[in-house]
Amino acid sequence: MSEDIAIKVEGVSKEFKLPYDKATSLKSSLINFVRHKRDYELSKALDDISFEVKKGEFFGIVGRNGGGKSTLLKVISGIYTPTKGSVHVNGKLTPFIELGVGFNPELSGRENVYLNGALLGFNRAEMSVMYKDIVSFAELEKFMDQKLKNYSSGMQVRLAFSIAIRAKSDILVMDEVLAVGDASFQKKCFDVFRRLKKEGRTIILVTHDMGNVERFCERVLVIDQGKTLSITNPAEASSIYSRLNVENGLESVREDIANNKVVKHRYGDGGVTVESVKLTSEGKETDVISFGKSFHIEINLKRDKQHHKSPIVCGLAFHNEDDVKVAGPNTQQSKVDPLSNKLTFSVDSLIFGPGEYQLTLAIFDEGGINAYDFLERWVTFSVITDHAVNGLVDMGGSWK
Amino acid sequence: MKRIFSKQNRALLSELVRTDFKLRYQGSALGYAWSLLRPLLLFIILYIVFVKFLKIGDDVPHYPVYLLLGIVMWNFFLELTMQGLGSVVGRGDLIRKISIPRWIIVVSSSIGALINLGLNLIVIAIFTALNHVSISSSIFLIPIPFIEAYTFGLGLSLFLSAAFVKYRDVSYIWEVVLQAGFYATPILYPLSRITNITVQKLILLNPMAQAIQNARYDLVTHQTITTHKIFHGGWHAFIPYVVVLVVLIGGAAYYRNQSRFFAENI
């Protein structure tokens, strides 16, 4: 294995024996053995997965529930042994399947810190050096001599996370660690991720959150029904993932991938397609718009013969950096029936606060269900301002 | 070998042993004192029943020490295997979520039993002094029976703990086997009470019987019938050692093989 590869997964398959009956007793095994009957069902959780992760890479694994993400993670981490294939790891790997593994409720916070540290490979002397930092990062100075069972779940997570980030591994494998905790905890997580990335550690993140994928990952493995769908960039992965969650999504995505078609943030049956999108402000085409100025989105459509006169619905969505949908105007709500091939959405004075926004456009049929053309996060623009905006938007208004 | 005793593994092992030890008598008023009280109380009961009422052991010098040593060694073996048996399933949360060397789990539970044995040996030392047992030079051989008992118990623990992951019947079966073993081993009764020499020989082929009798020979009295004595120094006396080695190697091999599937089977 070459030096710049951190993890090499080759043709890994994993089968589980799922017993028909929960009773795992000698008697039932014997009876079934004598009768030549299998008392279990084979279930293939992973099917011939291969990929490489380079050193220093932030690698994502996404997929639907039950698709094999967590199994793959456990195989990489050496918790499960693959039925077929092999995993080579270059360097020390620490898995974080869950925060606070091995925490014992009957022990004090202090004792749990040392125990958890030992699971990460630190001895007592090393833990003593880090102890103060761990406790202060978790903000639990006053509680360390209390039993863990008297901690709130938030306190436990804080303590566990504070220990976890001391891990000196070259490779970190994380499973939805971010799913727990409040907003401020998540922000802490993000900061740590950015730091780890800067330090050049290799990180594998398993997640459902496409926001995190696009924020951190460099390459992404999309897995479904135990098979690799694609190993690609975050944008495409995110789009494959969102298509998977639509009915019949899997077949159409598979087809596109098989035909070597780039799966973009765009799908639809193509009866009516968007030819071009143009943002203008104060009469000029631009992607930097000043707060309070006029703002237009000009859309050019192309219709095929069958849909020459079909009524359509056009919808827009604006997402900010935190993935919050700030606004979502559409023609149906505004009671407009666009029949021509040119459509313009205008605001006289933009009220969005400063920051980066992503524009999603969609052309639907009359009912607003079947997408002719869906352009997800298609255009990015930013808003600038010379005054502070308190909140997502500055709604204006007047006081008396 | 170097990797087995790496700094990380040593740290983990010591922390697991520490945790088990702290948690053992969690919430009990007398705490660690129970480590000593339990075998002592058992000893008192057995002493009253067997020595005072049934008059067994009148012909053995220093019978109380002789009896206590047997009880302590058997209890050590019992604790070693029972705790070892449940250790892997008991640590299921760790096994399913992180990748630690699997052998650490059984070894840490066996060290817990060793610590308890150490505490009990203090009691034996006190009894030995109170009973005016005259110590001979054979005392230097006494580590051997303890090593034999530990190795035997560890090998069994490896096998039992791995089997227990798959079949929960194992714990019930093992309890019965231990119960039978308690009577098949000369713990309460002096071996001389059994008059049939063939049965004596068979009993002494059991590694635990050999270990207990050897320890008694080394510490208490040279009257003790040992495996070595009964086979007149023949090669048969080594059969129990071979059994111990086979159990250890077989147990370790089975454990190693099964440990790859612990995470999914627990």
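Residues numbered from 1 in each chain as written. Chains lettered and ligands numbered in written order. Predicted model: local features only at pLDDT ≥ 70, side-chain atom pairs only at ≥ 80, totals over all residues. Heavy atoms only, no water.

## Some words on the overall build of chain B
- Each helix and strand in chain B was counted, giving 12 helices and zero strands.
- Start at the N end of chain B and walk to the C end: the helices and strands fall as α-α-α-α-α-α-α-α-α-α-α-α.
- Rg of the C-alpha trace for chain B: 19 Å, near the compact-globule value of 18 Å for 266 residues, within the 12% margin.
- The principal-axis extents of the C-alpha atoms in chain B amount to approximately 60 × 45 × 35 Å. (Helix = DSSP H or I, 4+ residues; strand = E, 2+ residues; numbered from the N terminus. Rg over C-alpha atoms; globule rule 2.2 N^0.38 Å.)

## Side note on the overall build of chain A
- Helix and strand content of chain A: nine helices and 19 strands.
- Each principal axis of the C-alpha distribution contributes one length, and for chain A these read about 75 × 65 × 45 Å.
- The buried share of chain A, taken over its 400 residues, is 45%.
- Entry remark: accessible area of chain A is about 20600 Å², with carbon and sulfur atoms responsible for 50%.
- For chain A, the distance from the average position of its 52 positive side-chain charges to the average position of its 53 negative side-chain charges is 4 Å. (Buried < 20%, exposed > 50% of the residue type's maximum accessible area, 1.4 Å probe, protein only. Areas by Shrake-Rupley, 256 points an atom, 1.4 Å probe, with all protein chains shown as cover. Lys, Arg positive; Asp, Glu negative; His and termini not counted. Charge placed at Lys NZ, Arg CZ, Asp CG, Glu CD.)

## As for the interface of chain B and chain A
- Taken together, the contact pairs 29 residues of chain B with 34 residues of chain A.
- Between chain B and chain A the total buried area reaches about 2600 Å² when both faces are included, carbon and sulfur atoms providing 59% of it.
- The largest contributions to the chain B side of the interface with chain A come from Glu-15, Lys-97 and Glu-264 of chain B, which together make up 21% of the buried area.
- There are five salt bridges connecting chain B and chain A.
- Linking Glu-15 of chain B and Arg-124 of chain A is a salt bridge whose minimum nitrogen-to-oxygen distance equals 3.0 Å.
- Those elements that place two or more of their residues in the side of chain B that touches chain A are helix 1 (7-24), helix 4 (92-97) and helix 12 (262-265) of chain B.
- Here the residues of the side of chain B that touches chain A sort into 12 nonpolar, four polar and 13 charged. (Contact = heavy atoms within 4.5 Å. Buried area = accessible area lost by both parts, 1.4 Å probe. Salt bridge = Lys/Arg side-chain N within 4 Å of Asp/Glu carboxyl O. Nonpolar A, V, L, I, M, F, W, Y, C, P; charged D, E, K, R; others polar.)

## A few points about helix 3 (residues 63-90) of chain B
- An ideal rise of 1.5 Å per residue puts 40 Å on 28 residues; helix 3 of chain B measures up with 39 Å between its terminal C-alpha atoms.
- With 21 of 28 residues buried, helix 3 of chain B lies mostly within the body of the structure. (Expected span 1.5 Å × (residues − 1).)

## A short note on empty space enclosed by the protein
Residues and elements named next belong to chain A.
- Taken as a whole and assessed by the stated rule, the structure comprises one cavity of 30 Å³ or more.
- Quantified by volume, the largest cavity comes out at close to 120 Å³.
- What lines the largest cavity is a set of 13 residues, among which Phe-96, Ala-164, Ile-165, Met-174 and Leu-196 lie closest to the centre.
- For the lining of the largest cavity, the secondary-structure elements that each account for two or more residues are helix 5 (153-164), strand 6 (171-175) and helix 6 (183-198).
- No other element matches the three residues that helix 6 contributes to the lining of the largest cavity.
- Grouping the amino acids of the lining of the largest cavity by side-chain chemistry returns 12 nonpolar, no polar and one charged. (1 Å grid on protein atoms, 1.4 Å probe; cavity = no way out; pocket = protein on both sides within 12 Å on 5 of 7 lines; lining within 4 Å. Points joined across faces, edges and corners; volume = space filled by probe spheres on them.)

## Points about helix 2 (residues 33-53) of chain B
Residue and element names in this part refer to chain B.
- The end-to-end C-alpha distance of helix 2, which contains 21 residues, comes to 29 Å, matching closely the 30 Å that a straight helix rising 1.5 Å per residue would cover.
- Along helix 2, the largest kink reaches about 30 degrees and is centred on Tyr-47.
- Every buried residue of helix 2 is listed here: Ser-35, Pro-39, Phe-43, Leu-46, Phe-50 and Val-51.
- Of the surrounding elements, those touching the buried residues of helix 2 are helix 3 and helix 5 (103-130).
- One or two residues past the end of helix 2 sits Lys-55, with phi positive at roughly 55 degrees. (Bend = angle between axes of the 7 residues up to and from the residue.)

## Some thoughts on the confidence of the model for chain B
- The share of residues in chain B with pLDDT of 70 or more is 99%, and the mean pLDDT across the chain is 92.
- If you check the scores for this complex, the pTM reads 0.78 and the ipTM reads 0.86. (pLDDT = per-residue confidence, 0-100.)

## Focus on the pairing of strand 8 (residues 219-224) of chain A
Residue and element names in this part refer to chain A.
- Burial within strand 8 is extensive, with five of its six residues counted as buried.
- Across five bridges, strand 8 lies against strand 9 (residues 227-232) in antiparallel orientation. Directly across from Ile-223, in strand 9, lies its bridge partner Thr-228.
- Here strand 8 hands over to strand 9 after two residues, with Gln-225 in that stretch at a positive phi of 50 degrees. (Pairing = 2+ DSSP bridges.)

## Let's talk about the pattern of salt bridges
- Counted according to the given criterion, the structure contains 22 salt bridges over all chains.
- Residues Glu-3 of chain A and Lys-55 of chain A are paired through a salt bridge, measuring 3.9 Å at the closest nitrogen-oxygen approach. Here Glu-3 of chain A, found in the segment before strand 1 (5-19), pairs with Lys-55 of chain A, found in the loop between strand 2 (40-54) and strand 3 (58-62); they are 52 residues apart in sequence, far enough to count as distant.
- You can call Lys-55 of chain A partly exposed: its relative accessible area is 42%.
- Glu-79 of chain B is the salt-bridge partner of Arg-24 of chain B, the closest N and O atoms lying 3.6 Å from each other. Of this pair, Arg-24 of chain B sits in helix 1 while Glu-79 of chain B sits in helix 3, and the two are 55 residues apart along the sequence.
- Its relative accessible area of 26% is what places Arg-24 of chain B among the partly exposed residues.
- Where salt bridges share partners, they join Lys-44, Asp-47 and Lys-227 of chain A into one cluster.

## Points about the nonpolar core
- Counting 98 residues, the largest nonpolar core has Ile-7, Phe-51, Ile-61, Leu-72, Ile-76 and Ile-204 of chain A as the members making the most contacts within it.
- Of the residues forming this core, the biggest block, 15 residues, is contributed by helix 3 of chain B.
- Here Ile-204 of chain A is in contact with Ile-7, Val-53, Phe-59, Ile-61, Leu-73, Ile-76, Leu-172, Val-173 and Met-174 of chain A, once residues within four sequence places are set aside. (Core = buried A, V, L, I, M, F, W, Y, C linked by side-chain atoms within 4.5 Å.)

## Observations concerning the environment of Ser-281 of chain A
Residues and elements named next belong to chain A.
- Among the structural elements, Ser-281 can be located in strand 11 (residues 272-281).
- Sequence separation of Ser-281 and Leu-316 is 35 residues, and the distance between their C-alpha atoms is 17 Å.
- Those residues in contact with Ser-281, other than ones at most four positions away along the chain, are Thr-286, Ile-289, Lys-293 and Ser-294.
- A polar side-chain atom of Ser-281 sits 2.8 Å from the main-chain carbonyl oxygen of Ser-294. (Polar contact = N/O pair within 3.5 Å; in protein donor to acceptor, adjacent residues only side chain to side chain.)

## Structural notes on the sheet that holds strand 17 (residues 342-347) of chain A
Residues and elements named next belong to chain A.
- Taken in spatial order, the four strands line up as 12-11-14-17 in an open sheet, and their pairing is antiparallel. Each of the sheet's edge strands pairs with one partner strand only, and the pair in question is strand 12 (284-285) and strand 17.
- Here strand 14 (residues 295-303) runs beside strand 17; their pairing, made up of six bridges, is antiparallel. What sits directly across from Ile-297, in strand 17, is Phe-345.

## Notes on the environment of Ala-252 of chain B
- Along the chain, Ala-252 of chain B turns up in helix 11 (residues 239-259).
- A C-alpha to C-alpha distance of 23 Å links Ala-252 of chain B and Leu-117 of chain B, two positions 135 residues apart in sequence.

## Some points on the sheet that holds strand 7 (residues 202-206) of chain A
All names here are of chain A.
- Taken in spatial order, the six strands make up an open sheet running 5-6-7-3-8-9, and their pairing is mixed. Edge positions in the sheet fall to strand 5 (93-96) and strand 9, since each has one partner strand and no second. Strand after strand, the sheet turns through a mean of 15 degrees between neighbouring axes, direction not considered.
- Across five bridges, strand 6 lies against strand 7 in parallel orientation. (Axes fitted to C-alpha atoms, helices over the stretch in contact; angles between N-to-C directions.)

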